[in-house]
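Survey of secondary and tertiary structure
Listed below are the residues making up each chain.
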Amino acid sequence: VILGTQQPPSGVGGYGVEVAETGSLTLERCLVEQNYQAGVLATDPGSMVTLSGTTIRGTRAVPGASGNQATAPGAMVQQGATLLAEGCLFEANEGMGVAALHEGSTLVLDDSVIEDTRWTSTGTGGYGLQVSDGAHAWLQDSELTGNASLGLTLYDQGTQCFLRDCTIANMRAAADGNMGYGVQ
């Protein structure tokens, strides 16, 4: 169990797990809960995180210097790292359930669920899965359901996402009627 890490005075960090600089980590049947900024962060080329039967829940966002609140994905892969997840649950994280960012980053989800992603306290985010900035994602036998605004959002040149036997359902619209999209 990795539970309740705290935000450091610098305001950067508080991750449940960070793997960087070509590090490698495997978590099997673990719980990563109530951490700050990211439950699991894989960053830098050559870094790899493998998750199996793991639940990542309740990651909390922290206000930015401008008062805007950043998102707090359950898992984030960026800057050319790789994240592989099988049989995992990403639940009730703030802003984003899972994020794959930057060219060279790879995300593979198999038999996994991203659900109940919440808006931040400032009303931003609520995305089940964000793939952007040239990252690649592969999803198989997975479900994105009940997220606050979007099931899957894709943008930027070179970004690719492949889905096979997946379900994207039951997104919630904001009080003003905006969002509530499956894919954007």
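Scroll up a little and you will see the structure.
The structure reproduced in this document is the subject of the present report. Please read all numbers here as calculations on a predicted model, not as lab measurements. (Residues numbered from 1 in each chain as written. Predicted model: local features only at pLDDT ≥ 70, side-chain atom pairs only at ≥ 80, totals over all residues. Heavy atoms only, no water.)

**Some thoughts on the pairing of strand β11 (residues 96-101)**
With six of its six residues buried, β11 lies for the most part within the structure. Sheet topology places β11 next to strand β14 (residues 127-132); five bridges connect them, and they run parallel. Following the sheet pairing, Ala99 is matched in β14 by Gln130. (Buried < 20%, exposed > 50% of the residue type's maximum accessible area, 1.4 Å probe, protein only. Helix = DSSP H or I, 4+ residues; strand = E, 2+ residues; numbered from the N terminus. Pairing = 2+ DSSP bridges.)

**Some remarks on the state of the cysteines**
Under the criterion given, the structure shown has zero disulfides. Not part of a disulfide, Cys30 finds its nearest cysteine sulfur in Cys88, a span of 9.6 Å. For Cys30, a relative accessible area of 23% gives the class partly exposed. Counting only cysteine sulfurs, Cys161 is the nearest neighbor of Cys166, a cysteine outside any disulfide, at a range of 8.0 Å. (Disulfide = S-S within 2.5 Å.)

**Some thoughts on the nonpolar core**
With 29 residues, the main nonpolar core has Val40, Leu51, Leu83, Phe90, Leu107 and Leu129 as its most contacted residues. Leu41, Met76, Ala99 and Leu101 belong to the second largest nonpolar core, which has six residues in total. (Core = buried A, V, L, I, M, F, W, Y, C linked by side-chain atoms within 4.5 Å.)

**Considerations on the packing of aromatic side chains**
Under the criterion given, the structure shown has one aromatic pair. The lysine or arginine in question, Arg60, covers the ring of Tyr36, its NZ or CZ lying 4.3 Å from the ring centre. (Phe/Tyr/Trp six-rings, centres within 6.5 Å; stacked < 30°, edge-to-face > 60°. Lys NZ or Arg CZ within 6 Å of the ring centre and 35° of its normal.)

**Thoughts on the pattern of salt bridges**
The full count for this structure, using the stated rule, is four salt bridges. Residues Arg118 and Asp116 are paired through a salt bridge, measuring 3.1 Å at the closest nitrogen-oxygen approach. Given a relative accessible area of 41%, Arg118 falls into the partly exposed group. Taking the shortest distance from any N to any O, the salt bridge between Asp116 and Arg172 comes out at 3.5 Å. Linking Asp116 in the loop between β13 (113-115) and β14 with Arg172 in the loop between β19 (167-169) and β20 (181-183), this pair joins segments that are 56 residues apart in sequence. (Salt bridge = Lys/Arg side-chain N within 4 Å of Asp/Glu carboxyl O.)

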